[in-house]
Amino acid sequence: YRFKLNYNYLVSNDLLEKSNFHRPTVSIQRRLTKNWKLSVQALRDRNERRFIANDSIAAGSFFFDTYETMLENNTSENFKFSFSAKHRLDYKADTNQFSKLSRATEALLETQWELKRFGRLNFKLSGRDLNFISKAMDDSLGSIYFLGNIDHQIQFFKKVINFKNYYELQSGVEPRQEYVFEEKRPGEGNFIYMDFNKDGIRQIYEYVYAPEIDTARFVRFQLYNSEYIQIYQSSWNNFFTVDARNLVKRQNGFLKVLAGFSFESGLRFSSKVSTDSKVQDRLNPVYFIKNGSDLIAYSASVQQSLYFNRAHPVYEFQAAY
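Please read all numbers here as calculations on a predicted model, not as lab measurements. (Residues numbered from 1 in each chain as written. Predicted model: local features only at pLDDT ≥ 70, side-chain atom pairs only at ≥ 80, totals over all residues. Heavy atoms only, no water.)

Re the overall build of the protein chain
Helices and strands together make up the secondary structure of the protein chain, namely three helices and 17 strands. By the compact-globule yardstick of 20 Å for 321 residues, the protein chain is too spread out, its C-alpha radius of gyration being 28 Å. Out of the 321 residues belonging to the protein chain, those deemed buried represent 29%. Partitioning the contacts of the protein chain with sequence separation of at least 6, the portion at a separation of at least 24 is 53%. Carbon together with sulfur atoms contributes 55% to the accessible area of the protein chain, which is approximately 21,400 Å² in total. Taking the average place of the 44 positive charges on the side chains of the protein chain and the average place of its 36 negative ones, the gap between the two points comes to 12 Å. (Helix = DSSP H or I, 4+ residues; strand = E, 2+ residues; numbered from the N terminus. Rg over C-alpha atoms; globule rule 2.2 N^0.38 Å. Buried < 20%, exposed > 50% of the residue type's maximum accessible area, 1.4 Å probe, protein only. Contact = heavy atoms within 4.5 Å. Areas by Shrake-Rupley, 256 points an atom, 1.4 Å probe, with all protein chains shown as cover. Lys, Arg positive; Asp, Glu negative; His and termini not counted. Charge placed at Lys NZ, Arg CZ, Asp CG, Glu CD.)

Describing a nonpolar patch on the surface
Together, Tyr 1, Phe 3, Leu 5, Val 26 and Ile 28 make up an exposed nonpolar region whose accessible area comes to about 600 Å². Elements that contribute at least two residues to the nonpolar patch include exactly strand E1 (2–13) and strand E2 (17–31). Structurally, Val 26 is set in strand E2. Under the relative-accessibility criterion, Val 26 is labelled partly exposed at 32%. (Patch = residues over 30% accessible without salt bridge, like charges linked within 9 Å, V, L, I, M, F, W, Y side chains within 5 Å. Salt bridge = Lys/Arg side-chain N within 4 Å of Asp/Glu carboxyl O.)

Observations regarding the pattern of salt bridges
Applying the stated criterion across every chain, the model contains 15 salt bridges. A salt bridge links Arg 44 to Asp 65; its shortest N-O distance comes to 2.7 Å. Of this pair, Arg 44 sits in strand E3 (residues 36–51) while Asp 65 is found in strand E4 (residues 62–76), placing the two residues 21 residues apart along the sequence. Accessibility expressed as a relative area gives 5% for Asp 65, which makes it buried. Bridged by salt links that share partners, the residues Lys 18, Arg 46, Glu 48, Arg 50 and Asp 55 form one connected network.

A word on the side chain of Lys 272
Secondary-structure assignment places Lys 272 in strand E15 (residues 261–273). Of the residues examined, Lys 272 reaches a relative accessible area of 16% and is grouped as buried. Other than its neighbours up to four places away in sequence, Lys 272 contacts Glu 174, Ile 231, Tyr 232, Gln 233, Asp 294, Leu 295, Ile 296 and Ala 297.

Details of the nonpolar core
Formed by Tyr 232, Leu 267, Phe 269, Val 273, Tyr 287, Phe 288, Leu 295 and Ala 300, the largest nonpolar core amounts to eight residues. For this core, the elements supplying multiple residues, two or more each, are E15 and strand E16 (295–308). Looking at which element gives the most residues to this core, the answer is E15, with three residues. Look past the residues within four positions of Tyr 232 in its chain and what remains in contact with it is Phe 146, Gln 170, Ser 171, Ser 271, Lys 272, Val 273, Ser 274, Thr 275 and Arg 282. (Core = buried A, V, L, I, M, F, W, Y, C linked by side-chain atoms within 4.5 Å.)

Quick word on the packing of aromatic side chains
Going through the model one piece at a time under the given rule, you end up with 17 aromatic pairs. Their ring planes at 80 degrees and their centres at 6.3 Å tell us that Phe 156 and Phe 163 sit as a pair that is edge-to-face. Phe 163 gets classed as partly exposed once you look at its relative accessible area, which sits at 32%. One cation-aromatic arrangement involves Arg 220 over Tyr 179; the distance from NZ or CZ to the ring centre is 4.5 Å. Its guanidinium or amino end placed over the ring of Tyr 232, Arg 282 lies 3.9 Å from that ring's centre, counting from NZ or CZ. (Phe/Tyr/Trp six-rings, centres within 6.5 Å; stacked < 30°, edge-to-face > 60°. Lys NZ or Arg CZ within 6 Å of the ring centre and 35° of its normal.)

Observations regarding the environment of Val 11
Counting through the fold element by element, Val 11 comes out in strand E1. Sequence separation between Val 11 and His 22 is eleven residues, and the spatial gap between their C-alpha atoms is 8.7 Å.

Here we look at the side chain of Gln 233
Topologically, Gln 233 is positioned in strand E14 (residues 228–243). At 3.2 Å, the side chain of Gln 233 and the side chain of Ser 270 are in polar contact. (Polar contact = N/O pair within 3.5 Å; in protein donor to acceptor, adjacent residues only side chain to side chain.)

Describing the pairing of E1
By the bridge criterion, twelve bridges tie E1 to E2 in an arrangement that is antiparallel. Residue pairing across strands places Lys 4 opposite Ser 27, the latter belonging to E2. Joining the antiparallel neighbours E1 and E2 is a turn of three residues. (Pairing = 2+ DSSP bridges.)

Regarding the environment of Arg 220
Of note, Arg 220 is situated in strand E13 (residues 218–223). The class for Arg 220 is partly exposed, based on a relative accessible area of 39%. Sequence separation of Arg 220 and Ser 234 is 14 residues, and the distance between their C-alpha atoms is 28 Å.

So, in structure tokens, the structure goes:
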């Protein structure tokens, strides 16, 4: 067993405020086997600042308790595994005392593999169940969130060919975005208005980017609000490079010319969907191809470059939308 106790305490005063800070931490670690160990930790972080005039708590004060446990495995340098769970209780400053604000329970699973034939693979998955004591906040912000990613890298032929794939999946909340359009003089905006349905009523989707700057007469402004929506986002990044400099040791004649070439390719796709989407659509970074009604936003980019002696690109292609 390994036991650790740490306690920090600080009291300070000035003409306007008095503060009381203390942070106790208790942790216990137990080695189960040669490669497995279990640890438990409890922490309290309280920073209380009060105005001397009326003894009320200042807005910058904070207070939370956390309880965490972790299971780790270090079999070798080629494999690592860890699983942790945490519970956190937050308080808020309420006039002259602290009151409960939220409860959060988190879990994290993380693994790392170093395999000669299959490259390096990292996997991480975390989830959080957040609940606010106030029902008004819990309706819009309280929910289950998750974040996961897979990172894979592999090399061939003495680093001549390199592959890197990164896949990420996440959920959360974001403010609902609303826009308004204001009319300006021609040439001072970015959008034009086109009455697609011929009803004479201006609707958001009828404002489009102007093909020519001299016809643009509308500018767009974003409105901020307190309404939040649940979103699910998946993204995939792929990088592929070929560097012929490491292909041959003796670079003479044709091999010398071949060794001067290098190629880079990058693909990036991301789709963001609403709660009306299906589970398989939330996992699909190229879901935007279907153009479903539950699609909130998306991004896609393709970039390819061919170099000779890494000076100027011989061939270059870029596309983004």
